[in-house]
Amino acid sequence: MARTTLQPKLVINPSLFDNLELHDDFDFSTSSLSHRDFELDLWTYIARFLDGRSLVMLGATSKWFNSVVMQDCIWKFACLRDLQVPDPGQVAFSWSKIYASAVDGSHSYMQRQQEKHIDWMRIGAFSFDSEVAFLSERPSPPMKFPKQEIIDDMLQSCGTCLLTKVKRGIWIADLQLVRCPVCDQEKCEGTMQMLDARHIELFLSQGYKDGSWDYELVGSHEIKKSVRGAYGAIFDFNYLTSKITAGRS
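Residues numbered from 1 in each chain as written. Predicted model: local features only at pLDDT ≥ 70, side-chain atom pairs only at ≥ 80, totals over all residues. Heavy atoms only, no water.

**Overview of the nonpolar core**
Then step 1. Formed by 26 residues in total, the largest nonpolar core has its most connected members in Leu55, Trp75, Cys79, Leu83, Trp95, Ile170 and Ile200.
Then step 2. Mapped onto this core, the elements with two or more residues apiece are helix 1 (37–47), helix 2 (52–59), helix 3 (63–69), helix 4 (72–83), helix 5 (95–103) and strand 4 (169–179).
Then step 3. The greatest single-element share of this core, amounting to 6 residues, is contributed by helix 4.
Then step 4. When residues no more than four places from it in sequence are discounted, the contact partners of Cys79 are Trp95, Ile98, Tyr99 and Ile200.
Then step 5. Formed by 7 residues, the second largest nonpolar core is a distinct cluster that contains Val132, Phe134, Ala233 and Phe235. (Core = buried A, V, L, I, M, F, W, Y, C linked by side-chain atoms within 4.5 Å. Buried < 20%, exposed > 50% of the residue type's maximum accessible area, 1.4 Å probe, protein only. Helix = DSSP H or I, 4+ residues; strand = E, 2+ residues; numbered from the N terminus. Contact = heavy atoms within 4.5 Å.)

Shown next as structure tokens:
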């Protein structure tokens, strides 16, 4: 595959969040600015229309605004709005940390195989309501799903497979530009693109940060003939098979 330059992505320096702390002992009623409860509600409403960088800048202006923008409901609204995903319900971390991990430039190759990584770009985000994922080499689901077999056998025979025990919630999809591990094509400059999907809380999990979690190859699908392009798709299996949602885009 020829060398590709990926488009720039929006990145917020994570150090900007370091100075934002929720001051539980701050008394709004005795503030020198004499803000009333209705003023707090007004600024809380206004903050919902600001992007992440503007929220950080507003919170750095004073302790009062710091306390306003560090309300978890504001960062939850900003995260769901910017990623365009539905509310996943209960989460394990504060929404300010979740938002920061999604936009601070972190990617899957920062912790492993750094020498292979060249560049990346954000594709978007999606939501999983079930614990079963349907992976396919085609961008559209089949009319009839193949019988579940050994994952590697399914990949080799039809380019699809089912994965179970998928973590529910918001998932991030990135496109990674990496160096090819093996390439014997004369016109190839030694790069390939990878569809990378991760749960939005992955980079905040202690097992990931301390390196106790590892990647496991569950299967592979090799296309030996020359093709103009390649596809990869991830579907919520229950969404595809539900009588209510089946057939919807």
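Once you've had a look at it, read on.
**Some remarks on the packing of aromatic side chains**
Then step 1. Going through the model one piece at a time under the given rule, you end up with 9 aromatic pairs.
Then step 2. Sitting over the ring of Phe77, Arg48 keeps its end group 4.0 Å from the ring centre. (Phe/Tyr/Trp six-rings, centres within 6.5 Å; stacked < 30°, edge-to-face > 60°. Lys NZ or Arg CZ within 6 Å of the ring centre and 35° of its normal.)

**Examining the sheet that holds strand 1 (residues 117–128)**
Whenever strands of a sheet pair, they do so through backbone hydrogen bonds, lying parallel or antiparallel.
Then step 1. In space, the 3 strands of this open sheet follow the order 1-4-5, with antiparallel pairing throughout. The open sheet has two edge strands, strand 1 and strand 5 (191–199), and neither has a second partner. Neighbouring strand axes in the sheet, compared pairwise and without regard to direction, differ in orientation by 20° on average.
Then step 2. The pairing of strand 1 with strand 4 spans 10 bridges and is classified as antiparallel. Bridging across to strand 4, Ala125 finds its partner in Ile172. (Pairing = 2+ DSSP bridges. Axes fitted to C-alpha atoms, helices over the stretch in contact; angles between N-to-C directions.)

**Side note on the side chain of His199**
Then step 1. With respect to the helices and strands, His199 occurs in strand 5.
Then step 2. Here the side chain of His199 touches Arg168 through a polar contact of 2.8 Å, landing on its backbone oxygen. (Polar contact = N/O pair within 3.5 Å; in protein donor to acceptor, adjacent residues only side chain to side chain.)

**Some thoughts on the sheet that holds strand 6 (residues 233–236)**
Then step 1. Read from one edge of the open sheet, 3 strands run 3-2-6, paired in antiparallel fashion. Bordering the open sheet on either side are strand 3 (160–163) and strand 6, each of which pairs with just one other strand. Direction aside, the axes of adjacent strands within the sheet are offset by 20° on average.
Then step 2. Note: strand 2 (residues 133–136) against strand 3, 4 bridges, orientation antiparallel. From the neighbouring strand, Phe134 faces strand 3, where its bridge partner is Leu162.

**Concerning unusual backbone geometry**
Note: most peptide bonds trans; most residues except glycine with negative phi.
Then step 1. Here the phi dihedral of Gln84 falls at roughly 55°; this positive angle occurs in a residue that is not glycine.
Then step 2. Considering the arrangement of structural elements, one finds Gln84 in the loop between helix 4 and helix 5.
Then step 3. For Lys165, which is not glycine, the phi torsion reads 60° and is therefore positive.
Then step 4. The exposed category is assigned to Lys165, whose relative accessible area is 77%.

**Focus on a nonpolar patch on the surface**
Then step 1. Together, Leu42, Tyr45, Ile46 and Phe49 give the surface a local cluster of nonpolar side chains, amounting to about 430 Å² of exposed area.
Then step 2. Mapped onto the secondary structure, Tyr45 falls in helix 1. (Patch = residues over 30% accessible without salt bridge, like charges linked within 9 Å, V, L, I, M, F, W, Y side chains within 5 Å. Areas by Shrake-Rupley, 256 points an atom, 1.4 Å probe, with all protein chains shown as cover. Salt bridge = Lys/Arg side-chain N within 4 Å of Asp/Glu carboxyl O.)

**Some details on helix 5**
Then step 1. When you tally the buried positions in helix 5, you get 8 out of 9 residues, the bulk of the element.
Then step 2. Where helix 5 terminates, the next one or two residues include Gly105, which has phi positive at roughly 90°.

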